[in-house]
Amino acid sequence: MGILKDRIKYGSETIKDPIYFNKFSYGRIEVDENKCTLCKKCIDMCPINAISVMDKKIFIDNKGCIFCGNCLSTCEYGALVNTHDYKMAEFGQLGEESREKIYKKFNRSLVLRSVDTGSCNACMLELSATTNNFYAISRYGITFAASPRHADGIVVTGPVPLNIKDALLRTYYAMPEPRLVIAVGACAYDGGIFKDKYAVERLDKILPVDLYIPGCPPSPQAIIYGVLKLMQRI
Amino acid sequence: MRFNEMIKELEQEFVYEVKNTNEIYVTLDKSSVIDVVSDMISKYKLHFVAQFCVENHDGFTINIVLSNRRNGYYVILRYTTGNEVISLESIIHQASLFEREIVDLFRLSIHGSSDNRNLVKHEIWQANVYPLRKNFKFKEKVSAKYEIPEYRFKEIRVDGAHQIPVGPVHAGIIEPGHFRFSVIGEDIKNLEIRLMYKHRGVENLCKNVIAENLNLVFERIAGESSVAYNEAYALLVEKILGIEVTREAKIVRTILLELERIYNFLDDIAGICVDVGYSYPAKKYSYLSEQIHQLCEKISGNRLLRNSIVPGGINIAITPEKLSAILETIKSVNNRFEGIVDMTMNSVPFLDRVEITGVVDNEIAEKLILTGVVGRASRIRYDVRHSFPYEMYGEIKKSINVETIGGVFERYKLKIAEIREAFNLSSQIKHVNKRKININLPENKEAFISVETVKGELLVYVRTGKDNKFDRIYFKTPSFTNWNGLTYAVLGEIVPDFPLCNKSFNMSYSENDR
């Protein structure tokens, strides 16, 4: 009875389109070439060396970026801009190919299995936030399965520490083919802030990655966008 | 016993040194360690917090950290040793956990302990690597063994007993860890938890990152307690450099810390409702938590408030618009929250599942040194915000929320109480500007700091080194000791109640494994 009353009073608490433009979100950092003087202060400032010089231009590797914002406040010329564009998901080596396969085999739905390898739990929080009733990722036919046998792909968060490597491989090979690997977060790309640690390996040296979703942690919106991109829904 | 009285007592017997106003360093002889520690605990009513090792050029120093919870100071007992750790297992139940960690990372041996198994290093590790030793090079990678020996779990093997292995990859969206149940009939008779699957080597990394960027590493040790870890780092640097931040900055920090508490505990109680199968409140709680996350994104540009607290001040500007956003959201979430709490408290099936489930007695909780909500649910009257007040807590935190029975329901109620308290605290905020300082660390200084994260007491030790870097950083994370509480909570319960107990503890794997 209490539930009914509450439901009537507050109505439906969700949003029609989860991947709306969010002006508060952090997002792709862009370089304004007219303002940039190549002083390279941002390169020294970057804690994970995601900034480099390419063809006499500053290049920012979004996939490795942890979006701490230190470079934005360092730049005296205002050449670095936070665009608030969280739509940064990129395909990995086999991305385009698997995109075709997914469309043929799975058509409209996708069942995923989440495997946390070495993340700090922030990516896991955001991953579980995609299932809350504000974002409700299941409306797109994307669900999280309890067993790799039922899954079409795994979502990996974090770098791969030595102790979990075996479990990760077993989960991967327990899935039926074609199987996907989605890397969520900067750590799953190159180890992020943990890349220099003694017990950590890069995910793409162990498994073929189909999709990278950058961010530290990527917001639920970014995750939903990435998976939809892979499913050819956008 | 007050700080001054303690010093007078120590003067007669020991060589001691006072640093940073509330840390007493006592140097001991290796042979007298056990006697002194048991004396300190029984006679002076000090509480064991942690035990860790620091490498010097002429050997190792073992530090045993004790704290006085009433008057807020630490007593650090230290002795130097060449190759062995004296086991405190006979006095402190959880000591072997700390000792096994030291052995794995420093190549020492334990003298007089019953448990010599590896803790951090699983079987797959190559032999003879000791990553916290000075001769272990930074960026060097540990390689895997080709043949992996078997790990022996503690199991009950009698007629009718069977074993249930769970993990390390779990069925939900959670972190990895292995649980081995021994079950007779329906009741759980024994549970062994095996963790450290996520061991990445944070302490080694911290030594090699310059002080300016270190807060970014701190906040990535446990994602759900990002603010608290950041706060710990800021307090440490301020303690070492002797700076005081402005009152306004303190207020903002307190509110950021409390916002973090709100969304974490909302997620926790949502989890409890899910595991009971009561989905409506669960969905609503997580919806409220989502609103707080979005509020955090509005104030700091990050849903987990990352990089917002820095040594010397705060890294975000609090403008009038942000201010009104905070007050509005808190008000609306608060109203909605109370309605849903009522819904659960009036539901008989819900209460039937959570009441007297997963009970940890006060006696056991004391023995296991449980901290945080988990400890307070079992009548341990300890809250870091009260004993070692930081930021505004000295003024506003006047009482400690405590429950007696120590079951799932008590933890549920306490988490609700903490959320209510956090709502009350967030009405004092003012307009504040960004402020950041350059850090220039002096060499060879030491400091300890305690912070109450959402999981419990976090203790961090640092010693500064050369080139604006730290020489040794040690974390005693709340989950490190609290995980063992779960093994006692589930005894005698049925297996389907395990997720419920687990969710009511909701310890972090990441900060435990580091």
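Residues numbered from 1 in each chain as written. Chains lettered and ligands numbered in written order. Predicted model: local features only at pLDDT ≥ 70, side-chain atom pairs only at ≥ 80, totals over all residues.

### Section: the overall build of chain B
Along chain B, the regular secondary structure elements total 18 helices and 15 strands. Its C-alpha atoms give chain B a radius of gyration of 23 Å, within 12% of the compact-globule value 24 Å for 514 residues. With the C-alpha coordinates aligned to their principal axes, the bounding extent of chain B is approximately 65 × 60 × 50 Å. Split into buried and exposed, the 514 residues of chain B put 50% on the buried side. The contacts in chain B between residues at least 6 apart in sequence include a share of 65% that link residues at least 24 apart. (Helix = DSSP H or I, 4+ residues; strand = E, 2+ residues; numbered from the N terminus. Rg over C-alpha atoms; globule rule 2.2 N^0.38 Å. Buried ≥ 20, exposed ≤ 12 C-beta atoms within 10 Å, placed from the backbone. Contact = placed C-beta atoms within 7 Å.)

### What about the confidence of the model for chain B?
Residues and elements named next belong to chain B. Put simply, chain B has an average pLDDT of 83, and 97% of its residues get 70 or more. Looking across chain B, the model is least confident in helix H15 (residues 408–425), with a mean pLDDT of 72, and most confident in strand E9 (residues 178–184), with 89. Predicted complex, confidence summary: ipTM 0.89, pTM 0.90. (pLDDT = per-residue confidence, 0-100.)

### Describing the sheet that holds strand E8 (residues 153–157) of chain A
Residues and elements named next belong to chain A. Sheet architecture is open: six strands sit in the order E5-E12-E10-E8-E6-E7, paired in mixed fashion. The two strands at the open ends of the sheet, each matched to only one other strand, are strand E5 (90–91) and strand E7 (142–144). Bridge analysis of strand E10 (residues 180–184) against strand E12 (residues 211–213) gives three bridges, and the strand direction is parallel. Each bridged residue has a counterpart across the sheet, and for alanine 183 the counterpart in E12 is tyrosine 212. Across the sheet, helix H5 (residues 122–129) lies against strand E6 (110–116), E8 and E10, angled at about 135° from E8, the strand it touches most. (Pairing = 2+ DSSP bridges. Axes fitted to C-alpha atoms, helices over the stretch in contact; angles between N-to-C directions.)

### Some words on the packing of helix H7 (residues 247–276) of chain B against helix H17 (residues 498–505) of chain B
Residues and elements named next belong to chain B. Running from amino to carboxyl end, H7 crosses H17 at an angle of 175°, the nearest separation of the two axes being 8 Å. Taken as axis vectors, H7 and H17 run roughly antiparallel relative to one another. For the pair formed by H7 and H17, the contact residues are Asp268, Gly271, Ile272, Asp275 and Val276 on the first element and Pro499, Leu500, Lys503 and Ser504 on the second. Across the contact of H7 with H17, the residue classes break down as four nonpolar, two polar and three charged. (Parallel < 35°, antiparallel > 145°, perpendicular 65-115°, else oblique. Nonpolar A, V, L, I, M, F, W, Y, C, P; charged D, E, K, R; others polar.)

### Here we look at the domain arrangement of chain A
All names here are of chain A. When cut into domains, chain A gives domain 1 (29–82) and domain 2 (90–230). Relative to domain 2, the C-alpha centre of domain 1 lies at a distance of 27 Å. At the interface, eight residues of domain 1 touch 10 residues of domain 2. Tallied by class, the residues present in the side of domain 1 that touches domain 2 amount to five nonpolar, two polar and one charged. (Domains from an automatic or database assignment.)

### A short note on the sheet that holds strand E8 (residues 161–166) of chain B
All names here are of chain B. Read from one edge to the other, the open sheet built from three strands follows the order E8-E9-E10, with strand pairing classed as antiparallel. This sheet does not close on itself; its edge strands, each paired only once, are E8 and strand E10 (187–194). Looking at each pair of strands side by side, their axes are set apart by 20° on average, direction ignored.

### Observations regarding the domain arrangement of chain B
Per the domain assignment, the segments of chain B are domain 1 (3–111), domain 2 (161–194) and domain 3 (206–479). The straight-line distance from the C-alpha centre of domain 2 of chain B to that of domain 3 of chain B is 29 Å.

### A word on the nonpolar core
In terms of nonpolar packing, the biggest core is built from 215 residues, with Ala183 and Val184 of chain A together with Leu66, Ala232, Leu266 and Val460 of chain B touching the most fellow members. Sorting elements by how many residues they give to this core places H7 of chain B first, with 16 residues. (Core = buried A, V, L, I, M, F, W, Y, C linked by C-beta atoms within 7 Å.)

### Describing the interface of chain B and chain A
Listed as interface residues are 51 residues of chain B and, on the opposing side, 46 residues of chain A. If you list the elements that add at least two residues to the side of chain B that touches chain A, you get helix H4 (202–206), helix H5 (214–218), helix H8 (279–300) and helix H9 (320–345) of chain B. A per-element tally of the side of chain B that touches chain A places H8 of chain B first, with eight residues.

### Let's talk about the packing of H7 of chain B against H8 of chain B
All names here are of chain B. Following both chains from N to C, one finds H7 and H8 inclined at 160°, their axes separated by 8 Å at the closest point. Comparing their axes, H8 and H7 come out roughly antiparallel. Seen from above, H7 lies across H8 with left-handed handedness. In contact with Leu259, Ile262, Tyr263, Leu266, Asp267, Ile269, Ala270, Cys273 and Val274 of H7, H8 contributes Ser279, Pro281, Ala282, Tyr285, Ser286, Leu288, Ser289, Ile292, His293 and Cys296. Taken together, the residues of the contact of H7 with H8 sort by class into 14 nonpolar, four polar and one charged. (Left-handed = near helix turned anticlockwise from the far one by under 90°.)

### A look at the pairing of strand E3 (residues 47–56) of chain B
Residues and elements named next belong to chain B. Two strands pair when backbone bridges link them, and E3 and strand E4 (residues 59–68) are joined in this way by nine bridges, in the antiparallel orientation. If you follow alanine 50 over to E4, its bridge partner there is valine 65. Between E3 and E4, which pair antiparallel in sequence order, lie two residues.

### Re the environment of leucine 4 of chain A
As for its placement among the helices and strands, leucine 4 of chain A is situated in helix H1 (residues 2–10). Remark: the alpha-carbon pair of leucine 4 of chain A and leucine 38 of chain A, spanning 34 residues in sequence, is separated by 61 Å.

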